[in-house]
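If you want the building blocks of each chain, they are given just below.
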Amino acid sequence: MAISTFRIGFSFALCAGLLALSPGARAQSLVTGGTEVAAISTTPSEAARNLSPAPPAPTEFALYYDDSHKDLRQALDWMTQTNALDPKFWNVYTEARIRLKMNDYQGAIEAAQHSKQLALATTPPNLTYAHLDDALIAEAQRQAQNSK
């Protein structure tokens, strides 16, 4: 029992110390019930500056739009912009998946073939994505045949 109380107290003290070292934080002394306690305060603008990370990359938006079945045209636009700048096999595979959902079978096949080439060109070759690309190509061909 004493050890767990010690761990809780130590953890609290450690967190308070780390918060005191954070940029923009000011320590204030409070008197509570006769005991002096240090409190950390920041202004709202300092707190917002410390908590708001950089905006997410377009690929993260595209993945979210794709997974949540939102606007696939916008997701495809973000993925093509990303892949035009720096194609990675996982991003090109996502583009192929989006194209397949949009019934762009030829575009899905081309993107999956490109993704497979990129996956096999890595060291060591990423066979998982190569198999995923093969499955996507087969599915796109099957759907293209059924739509005729």
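From a predicted model like this one, the values you see are computed outputs, not experimental measurements.

Thresholds, definitions, all that
- Residues numbered from 1 in each chain as written.
- Predicted model: local features only at pLDDT ≥ 70, side-chain atom pairs only at ≥ 80, totals over all residues.
- Heavy atoms only, no water.
- Helix = DSSP H or I, 4+ residues; strand = E, 2+ residues; numbered from the N terminus.
- Expected span 1.5 Å × (residues − 1).
- Buried < 20%, exposed > 50% of the residue type's maximum accessible area, 1.4 Å probe, protein only.
- Contact = heavy atoms within 4.5 Å.
- Phe/Tyr/Trp six-rings, centres within 6.5 Å; stacked < 30°, edge-to-face > 60°.
- Core = buried A, V, L, I, M, F, W, Y, C linked by side-chain atoms within 4.5 Å.

### With respect to helix 5 (residues 89-101)
Move 1: For helix 5, spanning 13 residues, the distance from its first C-alpha to its last is 18 Å, which sits close to the expected 18 Å at 1.5 Å a residue.
Move 2: Burial runs high along helix 5: 10 of the 13 residues are buried.
Move 3: Where helix 5 is concerned, the buried positions are Phe89, Asn91, Val92, Tyr93, Thr94, Glu95, Ala96, Ile98, Arg99 and Leu100.
Move 4: The secondary structure elements touched by the buried residues of helix 5 are helix 3 (58-67), helix 4 (72-85), helix 6 (105-121) and helix 7 (127-147).
Move 5: Immediately beyond the C-terminal end of helix 5, within one or two residues, lies asparagine 103, with a positive phi of roughly 65°.

### With respect to the environment of threonine 122
Move 1: Considering the arrangement of structural elements, one finds threonine 122 in the loop between helix 6 and helix 7.
Move 2: Along the backbone, threonine 122 and phenylalanine 89 are 33 residues apart, and their C-alpha atoms lie at a distance of 9.2 Å.

### What about the packing of aromatic side chains?
Move 1: Under the criterion given, the structure shown has three aromatic pairs.
Move 2: A ring pair is formed by phenylalanine 89 and tyrosine 129, whose centres lie 5.0 Å apart and whose planes are at 70°; its orientation type is edge-to-face. Here tyrosine 129 lies in helix 7 and phenylalanine 89 lies in helix 5, a separation of 40 residues in the sequence.
Move 3: According to the relative accessible area criterion, phenylalanine 89 is buried, its value standing at 10%.
Move 4: On the basis of relative accessible area, tyrosine 129 is assigned to the partly exposed category, the value being 24%.
Move 5: Centre to centre, the rings of tyrosine 93 and tyrosine 129 are 5.6 Å apart; their planes meet at 85°, and the pair counts as edge-to-face.

### Notes on the nonpolar core
Move 1: Residues Ala96, Leu100, Ala108, Ala112, Leu136 and Ala140 are the most contacted members of the largest nonpolar core, which totals 13 residues.
Move 2: Among the elements that line this core, the one with the most residues is helix 6, at five residues.
Move 3: By size, the runner-up hydrophobic cluster in this structure holds seven residues, among which are Ala62, Leu72, Ala75 and Trp78.

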